[in-house]
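Coordinate inspection notes
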Amino acid sequence: MDPAVIQKCIHCGMCLPSCPTYQETKIERNSPRGRISLMRAIAEKRMDLTASFAHELYFCLGCLACQTACPVGVDYKTLFEASRQDIEKSKILNNPLRLLARTFLIKYLFLSSWRLRTFGRLLRIYQRMGLDRFFKSLPFLPAKLKDMLGQLPSIAPHFSYEIISTREIPINTPARWKVGLLTGCVQDLVFSKINRDTADVLLYNGCEVICPPEQGCCGSLHAHNGELETAERLAKKLLAAFPIEELDAIITNSAGCGSHLKHFSDLFPPGTFWRQKAEVWDKKVYDIHEWLIKIGFSPPQAFPCTSQSHTVITYHDACHLCHGQKIKNEPRAILRSLPCIQFIELEEADHCCGSAGIYNILQPEMAHKLLNKKVEKIKKTNASVVCTANPGCLLFIEKGLKKHHLNIQTIHPISLLAQYYRMKERDGGSIEKKEANLAGLIH
Ligand code: SF4
Ligand code: SF4
């Protein structure tokens, strides 16, 4: 770990109020300042890397709210990822079950798009046959296992490569840009429709879309969980899959991936072939909202609304979009451009919902505390739709809303925009039809 990064922290404590774990426990070691002090003590050999330090680093959400709050620009993401890598190398947390789960998930399943899709196909069959409901109903299954089964997301009917061609060109408008589209791993398995929507929105806005079918995971899951070497392997795969030099931009619609994808060059030593390639890549990666605002996207055609047709929507900032990439205004600008919508700001919209990658599985107690808070805030807005731009947040918030029996829909902002564009094409000038379609989408 680079000591200069740790030494940048002046221990001012400005980050403490923004840290979700510190807010909940009020314990110094659960705060960014406390964690950085521990890292410093280990780096300066005043303390050994202990299991208690390792647990502390896995109690951290990696939400990066501290990075936004820090007045001197401490790069907490680098410290967090390097510390988790040291923890994994020390093997201090290893036990047979943890080792098996990590080896299967991180080093086997997420390493190949073929394996991941095969797993997705099997899971889809299991879900369609209703076996998930059957297992959950078995009285002798431990509650923890039932809860884990309940957390498995529904696999989409099609994967991204089945509904997006390798190359697509705009039909009604000349292509002004050529962009690559990243389809992700969880996004590909569960939310391939969001990928299709993203491709449609890009086409509508004059972008030729290049979408290589064999892309796979970007490695953000690996980097956040101490497997930087595996993250490097996956980055190389993506760098080789796209014709980077030909593209104006490489687009992601997943906040957690975007925050990692924009820093591929950090994975490679200076002066190497892959570092040079990654430096070009890093400059071209855009979050979809960021790209649409940059190119001056076409807002959907306005149509008059009756008071009943105004749908109240709100927006949750995914941590790795607002803190990791500093993108807050762009999704709001897109949502505010939609006709017949009343946009209500969510209180503490940029506070973590508790999903945080696999944190909600590893630390369910803290994750659910944060989720319950988020649901309470959503309830206060009276919104019937909550938008957010990360697959983990979409799934976890949906789970929280269901648990509280709230009839509130979750949707990615780009899916909503795509729906508006499609309404224009399908329904021409009929306001009644548009209103009916909007109601059908949102309720
Ligand atoms: S990443 Fe989030 S949980 Fe971790 S120290 Fe920073 S603010 Fe706290
Ligand atoms: S991380 Fe930044 S805000 Fe937090 S204590 Fe250190 S210098 Fe202050």
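Everything numeric in this text was worked out from a predicted model, so none of it was measured.

So, about the side chain of Thr-388. In this structure, Thr-388 sits in the loop between β8 (385–387) and α23 (391–403). Side-chain polar atoms of Thr-388 contact the backbone oxygen of His-316, separated by 3.0 Å. Once residues lying within four places of it in the same chain are set aside, the contact partners of Thr-388 are Tyr-315, His-316, Ala-318, Cys-393, Leu-394, Ile-411, His-412 and Pro-413.

What follows covers the domain arrangement of the chain. Parsing the chain into structural domains produces domain 1 (3–90), domain 2 (96–150), domain 3 (160–295) and domain 4 (311–440). For domain 1 and domain 3, the distance between their C-alpha centres works out to 30 Å. Each partner contributes to the interface: domain 1 provides eight residues, whereas domain 3 provides nine residues. Both sides together, the interface formed by domain 1 and domain 3 hides about 760 Å², and carbon and sulfur atoms give 47% of it. When the area that domain 1 buries against domain 3 is broken down by residue, the three leading residues are Lys-77, Glu-81 and Gln-85, summing to 58%. In this structure, the connection of domain 1 to domain 3 is made through one salt bridge.

This part is about the site of ligand 2. Taken together, the neighbourhood of ligand 2 is formed by 13 residues, with Cys-9, Cys-12, Gly-13, Cys-15 and Cys-70 sitting nearest. The cavity that encloses ligand 2 is the largest cavity. Partitioned by chemical class, the residues of the shell around ligand 2 number ten nonpolar, two polar and one charged.

As enumerated under the stated definition, the model contains seven cavities of 30 Å³ or more in all. Residue lining of the largest cavity: 17 residues in total, with Cys-9, Cys-15, Ile-36, Cys-70 and Val-74 positioned closest to the centre. For the lining of the largest cavity, the element with the most residues is helix α3 (residues 32–43), which contributes three residues. Tallied by class, the residues present in the lining of the largest cavity amount to 13 nonpolar, three polar and one charged. In this model, the second largest cavity occupies a volume close to 120 Å³. Contributing to the lining of the second largest cavity are Ser-18, Pro-20, Gln-23, Glu-24, Glu-347, Glu-348, His-351, Cys-352, Leu-370, Lys-373, Lys-374 and Lys-377. Breaking the lining of the second largest cavity down by element, the ones donating at least two residues are α2 (20–25) and α22 (364–381). Split by residue class, the lining of the second largest cavity holds three nonpolar, three polar and six charged. Of the domains in this structure, domain 1 (3–90) and domain 4 (311–440) are the two that each give at least three residues to the lining of the second largest cavity.

Three or more residues of helix α4 (residues 51–59) are buried, namely Phe-53, Ala-54, Glu-56, Leu-57, Tyr-58 and Phe-59. Among the structural elements, α2, α3, α6 (76–90), α7 (96–108), α21 (359–362) and α22 are those in contact with the buried residues of α4.

As a further point, take the nonpolar core. Counting 64 residues, the largest nonpolar core has Leu-202, Ile-251, Trp-291 and Leu-416 as its most contacted members. With seven residues, helix α24 (residues 413–427) is the single largest residue contributor to this core. Those residues in contact with Trp-291, other than ones at most four positions away along the chain, are Trp-177, Val-179, Leu-202, Cys-207, Asp-248, Ala-249, Ile-251 and Tyr-286. Tyr-22, Ile-36, Leu-57 and Ile-87 belong to the second largest nonpolar core, which has 25 residues in total.

Next up on the list: the environment of Gln-325. Structurally, Gln-325 is set in the loop between α19 (319–322) and α20 (329–336). When the C-alpha atoms of Gln-325 and Ser-259 are compared, they prove to be 5.8 Å apart, with 66 residues separating the residues in sequence. For Gln-325, the residues in contact, after removing those within four places along its chain, are Ala-255, Gly-258, Ser-259, Lys-262, Asp-287 and His-320. A polar side-chain atom of Gln-325 sits 2.8 Å from a polar atom in the side chain of Lys-262.

Rules used in this analysis
Residues numbered from 1 in each chain as written. Chains lettered and ligands numbered in written order. Predicted model: local features only at pLDDT ≥ 70, side-chain atom pairs only at ≥ 80, totals over all residues. Heavy atoms only, no water. Helix = DSSP H or I, 4+ residues; strand = E, 2+ residues; numbered from the N terminus. Polar contact = N/O pair within 3.5 Å; in protein donor to acceptor, adjacent residues only side chain to side chain. Contact = heavy atoms within 4.5 Å. Domains from an automatic or database assignment. Buried area = accessible area lost by both parts, 1.4 Å probe. Salt bridge = Lys/Arg side-chain N within 4 Å of Asp/Glu carboxyl O. Near = heavy atom within 4 Å. 1 Å grid on protein atoms, 1.4 Å probe; cavity = no way out; pocket = protein on both sides within 12 Å on 5 of 7 lines; lining within 4 Å. Sits in = over half its atoms within 2 Å of the grid points. Nonpolar A, V, L, I, M, F, W, Y, C, P; charged D, E, K, R; others polar. Points joined across faces, edges and corners; volume = space filled by probe spheres on them. Buried < 20%, exposed > 50% of the residue type's maximum accessible area, 1.4 Å probe, protein only. Core = buried A, V, L, I, M, F, W, Y, C linked by side-chain atoms within 4.5 Å.

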